[in-house]
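# Structural description and commentary
Read off the chains here:
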Amino acid sequence: MRRAEEGRRPAMPAMVAMVVALPIVLLPPAARLVAGPRAGDPGTGAGTPATGPAEPQAGGARSPVAAPGAPGSGPVTSGPVETGAAEGAAVRAAPAEDGRAAADRAGGAAGPAMERIDVLTYNVCAAGNRDGTCVDTLKPARRKVWAKTVAGLIKRRGIEMASFTEMCYAQVSLLRRELPGYRFVWYGIDRPGGRRGPDRCRRLWGGLAGRAVPPDGKSFGMALAIRGRTIGPPLRRRLRADLPPDRPDARIHPRGLLCARGVLGRRRAVGCVTHISATESPRQVAELVAEYAAGDPVILTGDFNRKPGDRELSCLYGMGLGEGEYTEVDAAPDGVPRRGGAPTTRGGRKIDYIFATEDDFLPDGAEVISVKPELSDHRPLTGTLGCRR
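Residues numbered from 1 in each chain as written. Predicted model: local features only at pLDDT ≥ 70, side-chain atom pairs only at ≥ 80, totals over all residues. Heavy atoms only, no water.

## With respect to the overall build of the chain
Counting its secondary structure elements, the chain contains 6 helices and 14 strands. Taken across its 389 residues, the chain has 53% of its residues classed as buried. By sequence separation, contacts in the chain at least 24 residues apart represent 77% of the contacts at least 6 residues apart. Carbon and sulfur atoms make up 54% of the accessible area of the chain, which amounts to about 18500 Å² in all. (Helix = DSSP H or I, 4+ residues; strand = E, 2+ residues; numbered from the N terminus. Buried < 20%, exposed > 50% of the residue type's maximum accessible area, 1.4 Å probe, protein only. Contact = heavy atoms within 4.5 Å. Areas by Shrake-Rupley, 256 points an atom, 1.4 Å probe, with all protein chains shown as cover.)

Listed below in structure tokens is the structure:
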């Protein structure tokens with residue numbers, strides 16, 4: 001009976017399959033958005049930003065970030081070693097990969113899906129100095145590898161903007177050959193060797209660069225290298241000595257400011273480089289930059305010859321660290337704003353900076369790179385900035 005009753009049960013209704021169409025979103029290849037883990041993700045290094053949208057660039061992964069140094073220094077370290085290939089030593093770097101691939105895996109303090117811009121500043125001590133701290137770095141063997149070593153560092157790290165101080169114009173000519181995708185902006189402020197002595201830039205670098213004639217007739221100064229296009233005329237300004245010298249007999253060096261407007265990443269921004277001494281105030285620099293920028297985002301770099309705690313830098317530091325409008329790439333390595341950073345000179349001082357207007361950028365890591373063989377008494381400072389908008 002039970003089996004008969006079971007046999008008379010009505011059949012179960014057939015299940016109706018529902019097909020849900022899922023939208024597919026295609027990101028344009030030019031979008032330089034990054035997401036995921038950044039420094040600390042095994043195998044990623046610190047993350048290389050994507051190359052510019054318009055032109056393919058030789059790219060690669062960043063060198064691995066070294067372990068933190070002294071207590072309180074945060075993750076800003078002396079960094080990996082960049083080596084001149086002509087000396088026969090290999091570059092200690094992660095396996096090369098396309099810059100976009102590295103950027104797609106990046107992430108960090110600036111947050112996911114945020115465009116990032118990588119910046120470098122380097123005092124190259126190209127013509128020597130009275131202290132003699134660049135005698136070894138200007139030996140012929142090191143001058144021969146200078147351009148390839150510096151260009152290699154810029155390409156491996158996907159640098160959008162590089163700035164140089166204490167530079168000879170012949171070095172600009174050398175870098176142009178190595179970095180054809182970059183626009184160079186030059187400002188000559190002096191002739192090393194004085195009016196009567198031989199031009200040290202020509203003596204040291206002329207044989208490598210051929211007849212590289214500076215457009216302003218001055219062979220020593222500063223330069224910007226911007227990947228992509230520049231917009232309008234640059235600002236070249238000789239700074240006045242608006243502060244008293246340390247000693248009455250101190251020599252007042254010619255100092256200057258160079259700015260150019262261009263496209264950094266996907267945004268219009270102003271890039272600047274300066275080199276000041278005790279006799280030129282950071283406030284003077286800030287006022288000139290603000291006037292030229294006219295509200296555009298600003299990245300201000302260079303050798304300020306002041307340590308982070310110097311009260312004269314308070315006119316630049318924002319983030320609750322001063323009354324200024326700028327963040328600095330290594331001012332918040334652990335998420336807590338502070339005035340500090342790894343030393344950028346052989347003597348153990350941090351006097352080179354990458355500032356950026358805090359309304360437009362977030363600091364997302366910095367490294368001071370040890371270059372082997374040593375090419376200057378300063379070390380290159382690199383930093384990543386996340387774009388707020």
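## A look at the nonpolar core
Counting 39 residues, the largest nonpolar core has Trp146, Phe164, Met167, Leu175 and Trp205 as the members making the most contacts within it. Listing elements by their share of this core, those giving two or more residues are strand E2 (116–123), helix H3 (140–156), strand E3 (161–168), helix H4 (169–178), strand E4 (182–190), helix H5 (200–209) and strand E5 (220–227). No other element matches H3, which puts 7 residues into this core. Each residue touching tryptophan 146, except ones within four places of it in the same chain, is listed here: Val124, Met167, Gln171, Leu175, Trp205 and Leu375. (Core = buried A, V, L, I, M, F, W, Y, C linked by side-chain atoms within 4.5 Å.)

## Describing unusual backbone geometry
In this structure, the amide linkage connecting lysine 372 to the following residue, proline 373, adopts the cis form with an omega of 0°. By the secondary structure assignment, proline 373 is in the loop between strand E13 (370–372) and strand E14 (381–387). Positive phi is not limited to glycine here, since alanine 294 has a value of about 50°. Mapping alanine 294 onto the fold places it in the loop between helix H6 (282–293) and strand E9 (298–303). Of note in the backbone geometry, asparagine 305 takes a positive phi value of approximately 50° without being a glycine. In this fold, asparagine 305 is placed in the loop between E9 and strand E10 (326–328).

## Re the sheet that holds strand E12 (residues 361–368)
Judged by pairing direction, the sheet is mixed, and its 6 strands sit side by side in the order E4-E5-E3-E2-E14-E12 without closing on themselves. Of all the strands in the sheet, the pair left with one neighbour each is E4 and E12. In this sheet, neighbouring strand axes are inclined to one another by 15° on average, regardless of whether the strands run parallel or antiparallel. The sheet contact formed by E2 and E3 spans 5 bridges and is parallel. Bridge pairing in E3 places threonine 121 opposite serine 163. (Pairing = 2+ DSSP bridges. Axes fitted to C-alpha atoms, helices over the stretch in contact; angles between N-to-C directions.)

## Focus on the environment of alanine 209
Structurally, the position occupied by alanine 209 is in helix H5. As for alanine 209 and glutamine 171, which are separated by 38 residues in sequence, their C-alpha atoms are 7.3 Å apart. Among all residues touching alanine 209, those that are not within four sequence positions of it are Ala170, Ser173, Leu174 and Arg177.

## Quick word on the sheet that holds E9
Working definition: the strands of a sheet are paired by backbone hydrogen bonds and lie parallel or antiparallel to each other. Pairing is mixed in the open sheet, where 6 strands are placed in the order E6-E7-E8-E9-E11-E10. Of all strands in the sheet, those with a lone pairing partner are strand E6 (230–238) and E10, marking the two edges. On average, adjacent strands in this sheet sit at an angle of 20° to one another, irrespective of strand direction.

## Re the packing of H3 against H4
Look at H3 against H4: their axes get within 9 Å of each other, and the N-to-C directions meet at 55°. As summarised for this structure, H3 and H4 are arranged oblique, according to the angle between their axes. Relative to H4, H3 is oriented so that their crossing is right-handed. Of the residues in H4, those in contact with Trp146, Ala147, Lys148, Val150, Ala151 and Lys155 of H3 are Gln171, Leu174, Leu175 and Glu178. When its residues are assigned to classes, the contact of H3 with H4 shows 6 nonpolar, 1 polar and 3 charged. (Parallel < 35°, antiparallel > 145°, perpendicular 65-115°, else oblique. Left-handed = near helix turned anticlockwise from the far one by under 90°. Nonpolar A, V, L, I, M, F, W, Y, C, P; charged D, E, K, R; others polar.)

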